[in-house]
Amino acid sequence: MATKGEITKEKILAKAESLILQKGYAGMTLDELLEETGLTKGAFFHHFKGKAGLAKSVLERYASNDYELFKNYSDQADRLSDDPLERVLIFIKLFEEFLNGLENPFPGCIFSSYSYEVRNFEPEIGDYIKENLNAWLDLYENKLGALIKARPPALPVTARELSEMIGSIIEGSFVMTLAMKDKSWTQRQSAQYRHYIELLFRT
């Protein structure tokens, strides 16, 4: 069972993530965060040294949750099929179903938000984002590599190129979803990528 301190810290991090995605790191103020959470400055500084420390913790929390989400889908796909192609297709489809189940459009990506404001952070933050994006892409690359090994594609592509493609589709779609006010944008683009994979390997 989580302690009172852990619950308070999670409350701060969840609200800070939401505000950063809405307004950016520079646009979010600690006063606004405290007003939204109903906490005192003392409660905040008990858990974080300042805004920079909060930003790092928000990033670490997001990275962990993001990786676990996709790792769970990857593992689930492996349990559901022994066929390399079906594993890839199920992996992608599970994420689409997750998005379809949300009441509102996915709010965006902390990696992207921080990358737009990279000048506000220490260089280590950029390195951390790159490391975690690569870990996320590796989940796709491993599955696609096994697929290419079992069934050569119709076109000369590598597993890394295909993993970078879906990563770019997802990240770019978050922006388009907000700009176009279309909650199904990411799902549609992911589905097109899934169809492309089928065409590449079902020849």
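Since we're looking at a predicted model, the values are computed, not measured.

I tried to follow the overall build of the chain on my own but got confused; where do I start?
Counting secondary structure elements, the chain contains nine helices and zero strands. For the chain, the succession of helices and strands along the chain, N to C, is α-α-α-α-α-α-α-α-α. A principal-axis box enclosing the C-alpha atoms of the chain has dimensions of 60 × 40 × 35 Å. Within the chain, the proportion of its 203 residues that are buried is 41%. Contacts in the chain between residues far apart in sequence, at least 24 positions, make up 70% of those at least 6 positions apart. As presented, the chain carries roughly 11,300 Å² of accessible surface, and 54% of it is formed by carbon and sulfur atoms. Between the centroid of the 25 positive side chains of the chain and the centroid of its 30 negative side chains there is a distance of 2 Å.

Whenever I open this one, the nonpolar core confuses me. Can you help?
As a rule of thumb, soluble globular proteins bury nonpolar side chains together. Leu54, Val58, Tyr114, Tyr140, Leu144, Leu162 and Ile197 are the most contacted members of the largest nonpolar core, which totals 53 residues. Among the secondary structure elements, those contributing two or more residues to this core are α1 (4-23), α2 (30-37), α4 (51-80), α5 (84-100), α6 (110-116), α7 (123-150), α8 (159-180) and α9 (185-201). Excluding its chain neighbours within four sequence positions, the residues that come into contact with Leu54 are Ile12, Leu13, Ala16, Met28, Leu30, Leu33, Phe44 and Phe48.

How do you make sense of the side chain of Glu17 when you look at a structure like this?
With respect to the helices, strands and loops of the structure, Glu17 is situated in helix α1. Excluding residues that lie within four positions of it along the chain, Glu17 makes contacts with Val58, Arg61, Tyr62 and Ile110.

Sorry if this is basic, but what is going on with the packing of α1 against α2 here?
When two helices pack together, their arrangement is captured by the angle between the axes and the distance separating the axes. Relative orientation of the contacting elements α1 and α2 amounts to 125 degrees, with a least axis distance of 10 Å. Here α2 runs oblique to α1, going by the angle between their axes. Here the hand of the crossing between α1 and α2 comes out right-handed. Here Lys11, Ile12, Lys15, Ala16, Leu19 and Lys23 of α1 come into contact with α2, specifically with Glu32, Leu33, Glu36 and Thr37. When grouped by side-chain class, the residues that make up the contact of α1 with α2 number four nonpolar, one polar and five charged.

Hey, could you run me through a negative patch on the surface in this one?
Taken together, Glu122, Glu124, Asp127 and Glu131 make up a surface patch of like negative charges. By the element assignment, Glu124 lies in helix α7. A relative accessible area of 52% means that Glu124 is categorised as exposed.

What counts and what doesn't
Residues numbered from 1 in each chain as written. Predicted model: local features only at pLDDT ≥ 70, side-chain atom pairs only at ≥ 80, totals over all residues. Heavy atoms only, no water. Helix = DSSP H or I, 4+ residues; strand = E, 2+ residues; numbered from the N terminus. Buried < 20%, exposed > 50% of the residue type's maximum accessible area, 1.4 Å probe, protein only. Contact = heavy atoms within 4.5 Å. Areas by Shrake-Rupley, 256 points an atom, 1.4 Å probe, with all protein chains shown as cover. Lys, Arg positive; Asp, Glu negative; His and termini not counted. Charge placed at Lys NZ, Arg CZ, Asp CG, Glu CD. Core = buried A, V, L, I, M, F, W, Y, C linked by side-chain atoms within 4.5 Å. Axes fitted to C-alpha atoms, helices over the stretch in contact; angles between N-to-C directions. Parallel < 35°, antiparallel > 145°, perpendicular 65-115°, else oblique. Left-handed = near helix turned anticlockwise from the far one by under 90°. Nonpolar A, V, L, I, M, F, W, Y, C, P; charged D, E, K, R; others polar. Patch = residues over 30% accessible without salt bridge, like charges linked within 9 Å, V, L, I, M, F, W, Y side chains within 5 Å. Salt bridge = Lys/Arg side-chain N within 4 Å of Asp/Glu carboxyl O.

Read these as geometric descriptors, not functional statements.
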